[in-house]
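Commentary on secondary and tertiary structure
If you want the building blocks of each chain, they are given just below.
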Amino acid sequence: MLRQLCIATKNEGKAAEFMEMLKNLPIELHSLAEFPGIVEPEETGKTLSANARLKAQYYAKLTNMPCLADDSGLECAALNGAPGVLTARYSGENATDKSNIEKLLSDMKFCIRRNCCFRCVIAVSLPEGKILNEVEGICDGLLLHEEVGTAGFGYDPIFWSKELHMSFGEATQEQKNAVSHRARALKRLIQIWKKHR
């Protein structure tokens, strides 16, 4: 198992989720807040996997430590998997959580099929660029017609979890971490690490 790991995301909500789920492992955790001079890379990948690998390798090289990066996407069946890889910038280059939610609700306004899922791909890279691990997690749900709850971030208030029977915007961090796409991917990663330590 790694001795240290940098959680390579500038999204504070996402970083907090990862830190919470990894806190009981014998790994020294770091965040990008310790490296304020590093600018974010352009996410040019055509898939979640490509972007996760790109970010993990980029940050591992610049921080000179193993880095964990993810790319997550909300996939709506009625929109053929959109927003997908464009989830974070669905409403344009200067997208915000609010503008993304507004655009998605508008695009889904007349859709009867509300099935959707959150998908997360996590990649871990060593400083020299070798991808140590790659895992995926999926969380199924339904897209709501309006925001419910104020917790979480991103699309959480309009994602209704089939397992929690509530929106991610209503769920506590603990409830969300039990079923989320990121939690599932991370649990797979932890299982791999424990098996090979």
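Remember, predicted model here, so these are calculated numbers, not experimental data.

1. Some thoughts on the environment of Tyr155
Mapping Tyr155 onto the fold places it in the loop between strand S5 (131-143) and strand S6 (159-161). You can call Tyr155 buried: its relative accessible area is 4%. Sequence separation between Tyr155 and Phe18 is 137 residues; the distance between their C-alpha atoms is 18 Å.

2. With respect to the pattern of salt bridges
Applying the stated rule across the entire model yields 15 salt bridges. For the salt bridge of Lys98 with Glu102, the shortest nitrogen-to-oxygen distance reads 3.2 Å. Of this pair, Lys98 and Glu102 both sit in helix H3 (residues 97-107), four residues apart, which is roughly one turn of the helix. For Lys98, a relative accessible area of 54% corresponds to the exposed category.

3. Some thoughts on the confidence of the model for the protein
Summary statistics for the protein give a mean pLDDT of 94 and a share of 99% for residues scoring 70 or more. Across the protein, the element-wise mean pLDDT spans from 86 in helix H1 (residues 12-22) up to 98 in S6.

Here is what the cut-offs are and how they apply
Numbering of residues begins from 1 in every chain and follows the order in which that chain's sequence is written. Residues qualify for local features only when their pLDDT is at least 70, as the model is predicted, and side-chain atom pairs are given and counted only at 80 or more; totals for whole chains, interfaces and linings, by contrast, use all residues. Side-chain descriptors were evaluated using all non-hydrogen atoms of the structure, hydrogens and water having been removed beforehand. Only DSSP runs of H or I reaching four residues or more are called helices, and only runs of E reaching two or more are called strands; each is numbered from the N terminus. Only protein chains enter the area calculation, which uses a 1.4 Å probe; residues under 20% of their type maximum are buried, those over 50% are exposed, and those in between are partly exposed. For salt bridges, the criterion is a side-chain nitrogen of Lys or Arg within 4 Å of an Asp or Glu carboxyl oxygen. pLDDT expresses, on a scale from 0 to 100, how confident the predictor is about each individual residue.

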